[in-house]
Amino acid sequence: MAVKKVAFLTAGGLAPCLSSSIGFLIDEYTKKAPEVELIGYINGYMGLLKGESIKVTPAARKNALVLTKHGGSPIGNSRVKLTNVKDCVKRGLVKEGEDPLKVAADQLVKDGVDVLHTIGGDDTNTTAADLAAYLAKNNYALTVVGLPKTIDNDVYPIKQSLGAYTAAEEGAKFFANVVKENSANPRALIIHEVMGRNCGWLTAFTAIAYHKMLDRRIKFVPDFGLTRERQDVHAVYVPEAKIDIEAEAKRLKAVMDKVDSVNIFVSEGACVKQIIAELKKQGEEVPLDAFGHPRLDKVNVGQYFAKQFAAKIGAEKTQVFKSGYFARAAAPNKKDLRLIQACAVKAVECALAGIGGVVGKDEDQHNELRACEFPRIKGGKPFNVRNSRFRKLLKEIGQPRPRKTRVVKK
């Protein structure tokens, strides 16, 4: 079947790849199939359900690569799950008794769309998988090709999701500024809370990037107390590793006594189950988002760790900083741009050939860049705490190797 019309949508949280993905896709279609009509659904699956879209004009095609210089999404995002009927009804996206999957499919048919590109994380692409399955079951002739966007880098079987490299680099830049708060007060405890609900990849690689930044970009003046050791990472906590609070408090108190400050990097998903259990004991309930996940802004992991350590290490002042919104809204760096462009080129190739799936380097196929089949797409891939770069960092900062890891099976 010849492709006549292609639609894009971006969904979920932001990542430093959405605008670039749209730009590279438009540019590739303009090169390979300039006759194909292009549209973008506004605000992700919400726009699809409401039938709200914008056309990619000739001027937009001409300037498509300008989008690669920007963060955010030029067509907007939303958190909508097509299989969460109750939430879709509550938000007025479908009527009572309607199936959001059918409403979305009917809208795609009404708009004459032959290919739908979904750009999002595991929730977005598992939703795309649900839609693709519905389309196939009901004989809708449409191909869905996704791109893996998530700064958490936690999608099976994708080796590297788009935007994660940049988010780690931007998080490091963020901390390079806020760490200076240790000069505002003696015995300062600074906690850097990094995004990552189930996976510690971003926290680990943000810490690695910052640790290396101290060697590459920053000079110190020890005579003024401006030392590398005081500015460095002193602890990194991720969801995959068990944390011995008492042992770590003892280690970090020694650091505080020596350099007059302690800097901790922690994933927003570290110890979440434990914190939620404690909140429930206190009679507090943690609300869920549209995808059924606990609202992490209500859990507040950074504050939890602040309370755990402040008194134990003798901190006079404790501050929690969150880099997430700063990092995820950035334009992609060079490393990410190369990966985004390669995935966009492959996505267009697959779309024109009628091959659906999520495009990325397939870990189960020797990291071949291909359209990974939708049924194989799954979130929650854990960070491997035995990663050599992470273990090297822990050794250099004096943190013991994790005693226990969390294993998530496919």
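Worth saying up front: this structure is predicted, and the values here are computed from it rather than measured.

Conventions we followed
Each chain carries its own residue numbering, running from 1 in the written order of its sequence. Thresholds applied to this predicted model are a pLDDT of at least 70 for local features of residues and 80 or more for the giving and counting of side-chain atom pairs; totals over whole chains, interfaces and linings are not thresholded and use all residues. With hydrogens and water stripped out, all remaining heavy atoms of the structure feed into the side-chain values. Salt bridges are defined by distance alone: a side-chain nitrogen of Lys or Arg within 4 Å of a carboxyl oxygen of Asp or Glu. Secondary structure elements are taken from DSSP: a helix is a run of H or I of four residues or more, a strand is a run of E of two residues or more, and numbering for both begins at the N terminus. Strands pair, by our definition, only if DSSP identifies at least two bridges between them. Fitted lines through C-alpha atoms give the axes, limited to the stretch in contact for helices. The angle between two N-to-C directions lies from 0 to 180 degrees. Contact definition: two residues touch when any of their heavy atoms are within 4.5 Å. Within this scheme a cavity is a closed region of a 1 Å grid, computed over the protein atoms alone, that accommodates a 1.4 Å probe without allowing it to escape, whereas a pocket is open but has protein on both sides within 12 Å along at least five of seven lines; lining residues each have an atom within 4 Å of a point. Grid points are joined across faces, edges and corners, and a volume is the space filled by probe spheres set on the points. Amino acids are sorted into nonpolar (Ala, Val, Leu, Ile, Met, Phe, Trp, Tyr, Cys and Pro), charged (Asp, Glu, Lys and Arg) and polar (every other residue, Gly among them). Confidence of the predictor in every single residue is expressed as pLDDT, which spans 0 to 100. When accessible area is computed with a 1.4 Å probe and restricted to protein chains, residues below 20% of their type maximum are described as buried, those above 50% as exposed, and intermediate ones as partly exposed. Orienting the strands away from the viewer, one traces the path from the first strand over the helix to the second; a clockwise path indicates a right-handed crossover.

### Remarks on the pattern of salt bridges
Here is step 1 of the chain: In this structure the tally under the stated criterion is 25 salt bridges.
Here is step 2 of the chain: Measuring nitrogen to oxygen at the nearest pair gives 3.1 Å for the salt bridge that ties lysine 253 to aspartate 257. Placement of the pair is lysine 253 and aspartate 257 together in helix H10 (residues 245-259), with a separation of four residues, close to one helical turn.
Here is step 3 of the chain: Each of Asp362, Asp364, Arg370, Glu373 and Arg376 takes part in a single network of salt bridges with overlapping partners.

### So, the sheet that holds strand S10 (residues 357-362)
Here is step 1 of the chain: Spatial strand order, S3-S2-S1-S4-S5-S10-S11: seven strands in an open sheet with mixed pairing. A single partner strand is all that each edge strand has here, and the edge strands are strand S3 (53-55) and strand S11 (368-372). The average angle at which neighbouring strand axes cross in this sheet is 25°, direction not considered.
Here is step 2 of the chain: When strand S1 (residues 5-10) meets strand S2 (residues 37-41), the two strands line up parallel, connected through four bridges. Residue pairing in the sheet places phenylalanine 8 in a bridge with glycine 40 of S2.
Here is step 3 of the chain: Helix-sheet contacts for helix H6 (residues 122-137) involve strand S4 (115-120), strand S5 (143-148) and S10, and the interaxial angle to S4 is about 160°.

### Concerning the sheet that holds strand S8 (residues 261-267)
Here is step 1 of the chain: Taken in spatial order, the four strands of this open sheet run S7-S8-S6-S9, and their pairing is parallel. In the strand order of this sheet, the two ends are held by strand S7 (235-237) and strand S9 (317-322), each with one partner. Strand-to-strand twist of the sheet, defined as the mean angle between neighbouring strand axes without regard to direction, takes the value 20°.
Here is step 2 of the chain: In this structure, strand S6 (residues 188-194) lies alongside S8, joined through seven bridges in parallel fashion.

### Considerations on the layout of surface pockets
Here is step 1 of the chain: Approximately 930 Å³ is the volume found for the largest pocket.
Here is step 2 of the chain: Lining the largest pocket are 35 residues, and of these Arg79, Met195, Arg197, Glu268 and Arg328 sit closest to its centre.
Here is step 3 of the chain: Among the elements of the structure, H6, S6, helix H12 (296-299) and helix H14 (324-328) are those that each provide at least two residues to the lining of the largest pocket.
Here is step 4 of the chain: Taken together, the residues that form the lining of the largest pocket break down as eight nonpolar, 13 polar and 14 charged.
Here is step 5 of the chain: The volume enclosed by the second largest pocket comes to roughly 720 Å³.

### Overview of the confidence of the model for the protein
Here is step 1 of the chain: Scored by pLDDT, the protein comes out at a mean of 92, with 96% of its residues at no less than 70.
Here is step 2 of the chain: Ignoring residues within four places in sequence, the model shows residues 406-410, a span with pLDDT below 50, making 12 contacts including any to other chains.

### Focus on unusual backbone geometry
Here is step 1 of the chain: Following tyrosine 156, the chain continues to proline 157 via a peptide bond in cis, the omega torsion being -10°.
Here is step 2 of the chain: Mapped onto the fold, proline 157 is located in the loop between S5 and helix H7 (164-178).
Here is step 3 of the chain: Despite not being glycine, asparagine 367 shows a phi value in the positive range, around 60°.
Here is step 4 of the chain: Tracing the backbone shows asparagine 367 in the loop between S10 and S11.
Here is step 5 of the chain: Given a relative accessible area of 33%, asparagine 367 falls into the partly exposed group.

### Comments concerning empty space enclosed by the protein
Here is step 1 of the chain: Within the structure shown, the criterion is met by one cavity of 30 Å³ or more.
Here is step 2 of the chain: Taken together, Ala167, Gly171, Val194, Met195, Leu202, Thr206, Ser323, Gly324 and Ala327 make up the lining of the largest cavity.
Here is step 3 of the chain: The set of elements that each furnish at least two residues to the lining of the largest cavity consists of H7, helix H8 (201-216) and H14.
Here is step 4 of the chain: The residue makeup of the lining of the largest cavity, split by class, is five nonpolar, four polar and no charged.

### A look at the pairing of S1
Here is step 1 of the chain: Within S1, six of the six residues are buried, which leaves it mostly tucked inside the rest of the structure.
Here is step 2 of the chain: Covered by surrounding structure in S1 are Lys5, Ala7 and Leu9 together with Val6, Phe8 and Thr10, the residues of both alternating faces.
Here is step 3 of the chain: Remark: the S1/helix H1 (residues 18-32)/S2 crossover connection has right-handed handedness.
Here is step 4 of the chain: Strand direction decides the pairing type here: S1 and S4, joined by five bridges, are parallel. Note that in S4 the partner of valine 6 across the bridge is valine 115.

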